[in-house]
Amino acid sequence: MMKLSILDQSPVSDGSTPAEALAQTAELAREAERLGYHRFWVAEHHAAPGLAGSSPEVLMAHLAAVTSDIRIGSGAVLLPHYSAYKVAENFRVLEALYPGRIDLGVGRAAGGGALAAKALQDNRVNPEGVDRYEEQIKELIAFLHESETGDSSHRYAGLHAAPAVRTAPEIWLLGSGRDSAALSARLGTGYAFAQFINGNGGAEAVQEYKNSFAPSRAGTAPRSLVAVFAVCAGTSAEADRLAASMDLSLVLLEKGHLSTVTPSVDTALNYTYTPYDRFSIKDNRKRMVVGSPGEVREQLLLLMEQYQCGELMLSSHIHSFEDKLKSLRLIAEACGLPRRE
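Residues numbered from 1 in each chain as written. Predicted model: local features only at pLDDT ≥ 70, side-chain atom pairs only at ≥ 80, totals over all residues. Heavy atoms only, no water.

Another point: the pairing of strand 10 (residues 311-315). Among the five residues in strand 10, five count as buried, and that is most of the element. Residues Glu311, Met313 and Ser315 line one face of strand 10 and the alternating positions Leu312 and Leu314 line the opposite face, and both faces are buried. The sheet contact formed by strand 1 (residues 3-8) and strand 10 spans four bridges and is parallel. Bridge pairing links Ile6 to Leu314 in strand 10. (Buried < 20%, exposed > 50% of the residue type's maximum accessible area, 1.4 Å probe, protein only. Helix = DSSP H or I, 4+ residues; strand = E, 2+ residues; numbered from the N terminus. Pairing = 2+ DSSP bridges.)

Take a look at the structure:
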């Protein structure tokens, strides 16, 4: 059986508001659970007008409260901005409230411009600019799993992350290249490849992760998934039309390096594209799965074969929320997901 999950970045559509986008994320999580999706992850972005999710931990608490058994996770907490200890405590609280349902996905992207990154790290002292990402992940693993071993190897040995709980969240590293795959394998975490960010080299990165995986307290065997943009409609022509909003969003992001509100289909179809824009759109379609239900199913099966992975995660920036819901319903039905009633 195909295992599918959702990554929702709480995109703000043109004509809508960030508050409405967050409410739609909650509605989408409830529907994803009913349709049989396995996980539902939310993202972290800052100073991005087109994306409302700035605090995945807070949003996760709400989503877990309005659902029953779907796994809820972060895609991702941007760890270099924060203390590993504080992140561990946030997720121990979530795990205590919703045991066995919490995923802790971490990443190293800035998640916003230089000013936002500076503000997020306002009280942190690192005058040499040392990259501590790997050390931070080791500390995070130790804080989350110290109760299982009775000891801790990190630099704050003896300090316990509260509250004490019997279980721990699944830890995933999110990345879009071989460096993140190698780090994830070295530390024994799950690995999520972001094809929706990088449409090239993903299968090789995931295979490298599997080949190099070293068991640890974070995981005894490789766990991988691949995240991709997805748009499905009743016909391939309609799906292609809906995907125009995402095409334009990515073009504008590349030009301005800032997330904008998701444009309407009409705006996207009437936009004056340069030849280079059209080249970018074609190249960006490598990051998407677009088509009718049957076409999308075949594309997803092909991705699973290429990556040799058992789980795909879908993300969508369709302008109309009703079209977005319909897309996920069509995919769930075409792929035979186990509906929960």
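Relative to each other, helix 2 (residues 56-65) and helix 3 (residues 84-97) sit at 0°, their axes nearing to 11 Å. Considering their axes alone, helix 2 and helix 3 lie roughly parallel with respect to each other. Facing helix 2, whose interface residues are Glu57, Met60 and Ala61, helix 3 presents Asn90, Phe91 and Leu94. Considering only residue class, the contact of helix 2 with helix 3 consists of four nonpolar, one polar and one charged. (Axes fitted to C-alpha atoms, helices over the stretch in contact; angles between N-to-C directions. Parallel < 35°, antiparallel > 145°, perpendicular 65-115°, else oblique. Contact = heavy atoms within 4.5 Å. Nonpolar A, V, L, I, M, F, W, Y, C, P; charged D, E, K, R; others polar.)

What follows covers the layout of surface pockets. Roughly 1,100 Å³ of internal volume is contained in the largest pocket. Together, 43 residues line the largest pocket, and Gln9, His45, Ala109, Phe196 and Ile197 are the ones closest to its centre. Listing elements by their share of the lining of the largest pocket, those giving two or more residues are strand 6 (170-175), helix 6 (178-187) and helix 9 (244-256). It is helix 9 that provides the largest number of residues to the lining of the largest pocket, a total of four residues. When grouped by side-chain class, the residues that make up the lining of the largest pocket number 20 nonpolar, 19 polar and four charged. (1 Å grid on protein atoms, 1.4 Å probe; cavity = no way out; pocket = protein on both sides within 12 Å on 5 of 7 lines; lining within 4 Å. Points joined across faces, edges and corners; volume = space filled by probe spheres on them.)

We now examine the packing of helix 1 (residues 18-35) against helix 13 (residues 321-334). Packing of helix 1 against helix 13 brings their axes to within 10 Å, and their N-to-C directions diverge by 15°. With respect to helix 13, the element helix 1 is oriented roughly parallel. Our pair here, helix 1 against helix 13, has a crossing hand that is right-handed. Residue-level inspection shows Gln24, Glu27, Leu28, Glu31, Arg34 and Leu35 of helix 1 in contact with helix 13, the latter providing Phe321, Lys324, Leu325, Leu328, Arg329 and Ala332. The residue makeup of the contact of helix 1 with helix 13, split by class, is six nonpolar, one polar and five charged. (Left-handed = near helix turned anticlockwise from the far one by under 90°.)

On to helix 11 (residues 275-284), then. Of all the positions in helix 11, only Asp277, Ser280, Ile281 and Asn284 are classed as buried. In a view along the axis of helix 11, the buried residues occupy a sector of 100°, so they form one face of it. Exposed residues lying more than 90 degrees from the buried face of helix 11 are Pro275, Tyr276, Arg278, Phe279 and Lys282. Tucked inside the fold, the buried residues of helix 11 contact helix 9 and strand 9 (288-291). (Arc of directions from axis to C-beta.)

Applying the stated criterion to the full structure yields eight aromatic pairs. Where Tyr85 meets Phe143, the ring centres are 5.0 Å apart and the plane angle is 55°; that geometry is what we call tilted. Of this pair, Tyr85 sits in helix 3 while Phe143 sits in helix 5 (residues 133-149); the two residues are 58 residues apart in sequence, bridging distant segments of the chain. According to the relative accessible area criterion, Phe143 is buried, its value standing at 0%. With 5.7 Å between their ring centres and 80° between their planes, Tyr209 and Phe213 make a pair best called edge-to-face. Accessibility assignment for this pair places Tyr209 and Phe213 in one class, buried. When the ring centre of Trp172 is taken as origin, the NZ or CZ atom of Arg223, which lies over that ring, is 5.0 Å away. (Phe/Tyr/Trp six-rings, centres within 6.5 Å; stacked < 30°, edge-to-face > 60°. Lys NZ or Arg CZ within 6 Å of the ring centre and 35° of its normal.)

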